[in-house]
Amino acid sequence: MNRLFLSPPHMSGKEQKYIAEVFTSNYIAPLGAFVNKFEDSIKSYTGSSNALALSSATAGLHLALRILGIGKNDIVLASTFTFIGSVSAILYQNATPVFIDSDESWNLSPSLLKKAIAELPQKPKALILTHLYGQVSKLDEIVAICKEEGIYLIEDAAESLGASYKGKQSGTFGDMGVYSFNGNKILTTSGGGMLVSENEEWIEKAKFLSTQAKENFLHYEHKEYGYNYRMSNVLAAIGVAQMEVLDERVQRKREIFEFYKQELGNIEEISFMSEVENTYGNRWLTTLVFKKTNPLKVIKALENINAESRPLWKPMHMQPLFKDCEAFIDGRSESLFNQGICLPSPTSSSNQELMRVVEVIKEVCQ
Ligand SMILES: *Cc1c(COP(=O)(O)O)cnc(C)c1O
């Protein structure tokens, strides 16, 4: 049987045509027309005024922190229930991460955010907010807290491209936002990211830093150091083709969620990640938690039918790397990690294929 992956690449069919155009023009690298086209398509889809195509979302978060002037002795708040790529840039900048737990939405808890701000001896400079598994956070509350406290909001929308809150796209609520086009995301360029912001100056500065901070001279002149973080024109061509099918992909991801929910929702011990009021998630991965069944048992049984599944993200405050970091925790993400799994959610699969997964879960939960 073919392996059922969590979220494998799903090409539209146009990618190779656009790549051929890149080769014909010989703008293989470094930049070229498709980089601009890809940025334009992100701008028009998300409504963001400025976008910068990069080698990864991690690079985007790094540039965001650098541009906001975050460095040594600064505190950066972050969702604890997330992937390492959300927060490693805090360490690149020698700043101090402080982690905040989830609430019933599985995303960052606004009340723990308030508590952290009130109790920390020093005002945090920024918050990196993850919209986990494509489900949007409680943005009204979180944006209001950040505004009131004068804390920069950086949205990690790596998993939530195409998800919205009150009709506005995730990634466009904060001072800056990032999307990822890594291999397993809802769209992929094989690897890549995008930084967006309403602040044109910041995006111009990010562009400068992402291309080795070359001053405007004929020779190479440097006043500060930069990075090699820009996206290649070849990969941007893949991105342009992928953006054309984003709505279809979101729709199929949501159908997959509905299918699993319909098939498994009546098992008493199973509950799914919910959707916050007024949001429209992209359901990047269908995720659920068991009340009593050990998720590792389910993962093993799924492996036996050649289906990939995984535990939910291990919270950052539980990682050895961050064992000495401060965290505002009430146990929510820890129990989600202990009891939850991600299910195969490939947009290219049929419900019939996914039925194999359903049957295994039913059997294990009996
Ligand atoms: C994938 C992911 C990232 C990192 O994205 P890259 O493009 O691989 O750097 C960051 N945060 C979250 C929540 C992710 O899922």
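Residues numbered from 1 in each chain as written. Predicted model: local features only at pLDDT ≥ 70, side-chain atom pairs only at ≥ 80, totals over all residues. Heavy atoms only, no water.

**What about unusual backbone geometry?**
Next, step 1: For Asn-26, which is not glycine, the phi dihedral falls at a positive 65 degrees.
Next, step 2: With respect to the helices, strands and loops of the structure, Asn-26 is situated in the loop between helix 1 (15–25) and helix 2 (33–46).
Next, step 3: Of the residues examined, Asn-26 reaches a relative accessible area of 57% and is grouped as exposed.
Next, step 4: Phi is positive for Asn-94, which is not a glycine, with a value near 60 degrees.
Next, step 5: As for its position among the elements, Asn-94 is in the loop between helix 4 (88–92) and strand 3 (96–100).
Next, step 6: Judged by its relative accessible area of 54%, Asn-94 is exposed. (Helix = DSSP H or I, 4+ residues; strand = E, 2+ residues; numbered from the N terminus. Buried < 20%, exposed > 50% of the residue type's maximum accessible area, 1.4 Å probe, protein only.)

**Quick notes on the packing of aromatic side chains**
Next, step 1: As enumerated under the stated definition, the model contains 12 aromatic pairs in all.
Next, step 2: Between Tyr-133 and Trp-313 the ring centres are 6.3 Å apart and the planes differ by 5 degrees, which places this aromatic pair in the stacked class. Separated by 180 residues along the polypeptide, Tyr-133 in the loop between strand 4 (126–130) and helix 6 (139–149) and Trp-313 in the loop between strand 13 (310–311) and strand 14 (327–328) bring together distant segments of the chain.
Next, step 3: On the numbers, 6.0 Å between centres and 80 degrees between planes, the contact of Tyr-152 with Trp-202 is edge-to-face. Of this pair, Tyr-152 sits in strand 5 (residues 152–156) while Trp-202 sits in helix 7 (residues 200–210), and the two are 50 residues apart along the sequence.
Next, step 4: By relative accessible area, Tyr-152 is classed as partly exposed at 30%.
Next, step 5: Taken together, the aromatic side chains of Phe-83, Tyr-133, Trp-284 and Trp-313 make up a single cluster linked through ring pairs.
Next, step 6: Stacked on the ring of Phe-173, the Lys or Arg Lys-168 has its end atom at 5.1 Å from the ring centre. (Phe/Tyr/Trp six-rings, centres within 6.5 Å; stacked < 30°, edge-to-face > 60°. Lys NZ or Arg CZ within 6 Å of the ring centre and 35° of its normal.)

**Quick notes on the UniProt feature "modified residue: N6-(pyridoxal phosphate)lysine" (unreviewed entry) in the protein**
Next, step 1: Summarizing the sequence annotation, UniProt attributes the feature "modified residue: N6-(pyridoxal phosphate)lysine" (unreviewed entry) to Lys-185 in the numbering used throughout.
Next, step 2: Along the chain, the position of Lys-185 falls in the loop between strand 8 (176–180) and strand 9 (193–197).
Next, step 3: Residues contacting Lys-185, with those up to four places away along its chain left out, are Ser-7, Ala-158, Glu-159, Ser-180 and Trp-284. (UniProt positions renumbered as here; feature names shortened; annotations may be inferred. Contact = heavy atoms within 4.5 Å.)

**Observations concerning the pairing of strand 4**
Next, step 1: For strand 4, a buried count of 5 out of 5 residues is recorded, marking the element as mostly surrounded by other parts of the structure.
Next, step 2: The side-chain alternation of strand 4 yields two buried faces, one formed by Ala-126, Ile-128 and Thr-130 and the other by Leu-127 and Leu-129.
Next, step 3: The pairing of strand 2 (residues 75–79) with strand 4 spans 3 bridges and is classified as parallel. Paired with Val-76 across the strands is Ala-126, a residue of strand 4. (Pairing = 2+ DSSP bridges.)

**Quick look at empty space enclosed by the protein**
Next, step 1: If you walk through the whole model with that rule in mind, you get 2 cavities of 30 Å³ or more.
Next, step 2: Estimates place the volume of the largest cavity at around 40 Å³.
Next, step 3: What lines the largest cavity is simply Ser-7, Pro-8, Pro-9, His-10, Lys-185, Ile-186, Gln-242, Lys-253, Ser-345, Pro-346 and Thr-347.
Next, step 4: Here the residues of the lining of the largest cavity are counted per class, giving 4 nonpolar, 5 polar and 2 charged.
Next, step 5: Two domains each put at least three residues into the lining of the largest cavity: domain 1 (15–243) and domain 2 (246–364).
Next, step 6: The calculated volume of the second largest cavity comes to roughly 30 Å³.
Next, step 7: Every residue along the wall of the second largest cavity is listed here: Ser-79, Thr-80, Phe-81, Ile-100, Ser-102, Trp-106, Asn-107, Leu-108 and Thr-130.
Next, step 8: Residue composition of the lining of the second largest cavity, grouped by class: 4 nonpolar, 5 polar and no charged. (1 Å grid on protein atoms, 1.4 Å probe; cavity = no way out; pocket = protein on both sides within 12 Å on 5 of 7 lines; lining within 4 Å. Points joined across faces, edges and corners; volume = space filled by probe spheres on them. Nonpolar A, V, L, I, M, F, W, Y, C, P; charged D, E, K, R; others polar. Domains from an automatic or database assignment.)

**Overview of the layout of surface pockets**
Over the atoms rolls a probe the size of a water molecule, and its path tells where empty space is left.
Next, step 1: Approximately 310 Å³ is the volume attributed to the largest pocket.
Next, step 2: Surrounding the largest pocket, 16 residues form its lining, Leu-6, Asn-184, Glu-308, Arg-310 and Trp-313 being those nearest its centre.
Next, step 3: Its residues placed into classes, the lining of the largest pocket shows 11 nonpolar, 2 polar and 3 charged.

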